[in-house]
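Report on the structure
Now for the letters of each chain:
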Amino acid sequence: MSQTPTPTPTPTPETVRRLVRSLLADDAAPGPGPDVRPVTEEGGHFTWWVGRRHVLRLARDHEGSLRQRRELRLRDLIRPHIGVAVPMSVARGEWASGLNYTLDTLVPGASGEQQAVSAVGEADLAGLLTGLREVPVRQAETLGVPRTPPRSLETLRAAAVRAAERLPAEEFDPARFDQLAAPAAVQLGAQTGAAVLVHHGLLGEHLVVSPDGRVRGVLDWTGAVIGDPAEDIAGLAVAVGAPAAVRAATLAGYSARPCLRGLWLARCDTVVRLADRLRGRDDSRLPLLEAQLGHSWESILLERVTDLRDGTEELP
């Protein structure tokens, strides 16, 4: 007879407050302790602000605990390479039976969803992409970072074209996909032997940006994989806009093929996600998805591909 899975306990402010007081006992002054509040307003609060200097992250399940432990080791590996800050863990352990926590330092700055990235910030992103390519893949795999095969742009394009046809005309014109003909999607297939460490979630919520537009840190490395670098270019296109993402990737030494591949991954993804949201299959905030769609569909100079076979790149 199979056992019923133990339900995940719900962290409450009192649960978090008791844990925090035990972790910061040496710094605690008499009184109720540091202010704790959930990072998001939605339910299921597993990430909490702790005062002004820390963030407490609680794993939801066994798999989340494994990813969190892997992330802590990975952050130490990447820190010397990427040129921007990643959080430091000042305490770690279990907040419930078999469920991990980490109390991290707060990287100062605003979310990339709220603060625009400047031209100098684009150079920071270029340094980030360059550094990720320099992280030793074998060492990352030793830490348990999984290897993920590249996605088929042909399959994704087909799904995005179908999704576009379901969107209201005022939201999106399906004819925009004429810029990516089916043969071009084939040409933009991932190149063999190009796998690098990929953050796999370089969206605005994971970028920490200073008031002058510099990128000061990158958060949440739990989804990192060894895989297609175009995925991080795609994330940046969604976060900071297609032109800025392509400029950063070009500064990092990426050629037209991965830049265009990343651009079209982003464009297809944002169309699919918006269509899913309008059909009730995605609970993301609608204004955020609409902004991400706009970012990824901003025009760039490399809009058409004529021939990228055999390593050649002939652009109009």
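Residues numbered from 1 in each chain as written. Predicted model: local features only at pLDDT ≥ 70, side-chain atom pairs only at ≥ 80, totals over all residues. Heavy atoms only, no water.

Focus: the overall build of the protein chain
The helix and strand tally for the protein chain stands at 10 helices and 10 strands. Here the protein chain, with 316 residues, has 45% of them falling under the buried criterion. Considering only contacts in the protein chain between residues 6 or more positions apart, those separated by 24 or more positions represent 71%. A total of about 15900 Å² of accessible surface is found on the protein chain, and carbon and sulfur atoms cover 52% of it. (Helix = DSSP H or I, 4+ residues; strand = E, 2+ residues; numbered from the N terminus. Buried < 20%, exposed > 50% of the residue type's maximum accessible area, 1.4 Å probe, protein only. Contact = heavy atoms within 4.5 Å. Areas by Shrake-Rupley, 256 points an atom, 1.4 Å probe, with all protein chains shown as cover.)

Observations regarding a positive patch on the surface
A cluster of basic residues, R162, R166, R279 and R281, forms a positive patch at the surface. Examined against the element boundaries, R166 turns out to sit in helix α5 (residues 153-166). Judged by relative accessible area, R166 falls into the partly exposed class, the value being 41%. (Patch = residues over 30% accessible without salt bridge, like charges linked within 9 Å, V, L, I, M, F, W, Y side chains within 5 Å. Salt bridge = Lys/Arg side-chain N within 4 Å of Asp/Glu carboxyl O. Lys, Arg positive; Asp, Glu negative; His and termini not counted. Charge placed at Lys NZ, Arg CZ, Asp CG, Glu CD.)

Details of the side chain of S89
Residue placement: S89 occurs in strand β4 (residues 89-96). Among the polar contacts made by the side chain of S89, one reaches the side chain of T102 at a distance of 2.8 Å. If near-sequence neighbours (up to four positions away) are discounted, S89 is found in contact with L72, R75, T102, L103 and D104. (Polar contact = N/O pair within 3.5 Å; in protein donor to acceptor, adjacent residues only side chain to side chain.)

Points about the side chain of Q68
Along the chain, the position of Q68 falls in helix α2 (residues 62-82). Separated by 3.3 Å, the side chain of Q68 and the backbone nitrogen of Y101 make a polar contact. With residues near it in sequence (within four places) discarded, Q68 still touches R57, L58, A59, N100, Y101 and T102.

Describing the packing of helix α3 (residues 119-134) against helix α8 (residues 242-251)
Where α3 meets α8, the closest approach of the two axes is 8 Å, and the angle between their N-to-C directions is 50°. As far as their axial angle goes, α8 and α3 are oblique. The interaxial crossing formed by α3 with α8 has right-handed handedness. Counting all contacts with α3, which are made through E122, A123, L125, A126 and L129, the residues of α8 involved are A244, R247, A248, A249 and L251. (Axes fitted to C-alpha atoms, helices over the stretch in contact; angles between N-to-C directions. Parallel < 35°, antiparallel > 145°, perpendicular 65-115°, else oblique. Left-handed = near helix turned anticlockwise from the far one by under 90°.)

Observations concerning the confidence of the model for the protein chain
With 89% of its residues at a pLDDT of 70 or more, the protein chain shows a mean pLDDT of 90. This model gives residues 309-316 a pLDDT under 50, and the stretch forms 20 contacts once residues within four places in sequence are excluded. (pLDDT = per-residue confidence, 0-100.)

What about the sheet that holds strand β9 (residues 215-218)?
Spatially, β6-β8-β9 is the arrangement adopted by the 3 strands of the open sheet, whose pairing is antiparallel. In this open sheet, the two edge strands, each paired with only one partner strand, are β6 (110-111) and β9. Sheet topology places strand β8 (residues 207-209) next to β9; 3 bridges connect them, and they run antiparallel. Among the inter-strand pairings, V209 is bridged to a residue of β9, identified as V215. (Pairing = 2+ DSSP bridges.)

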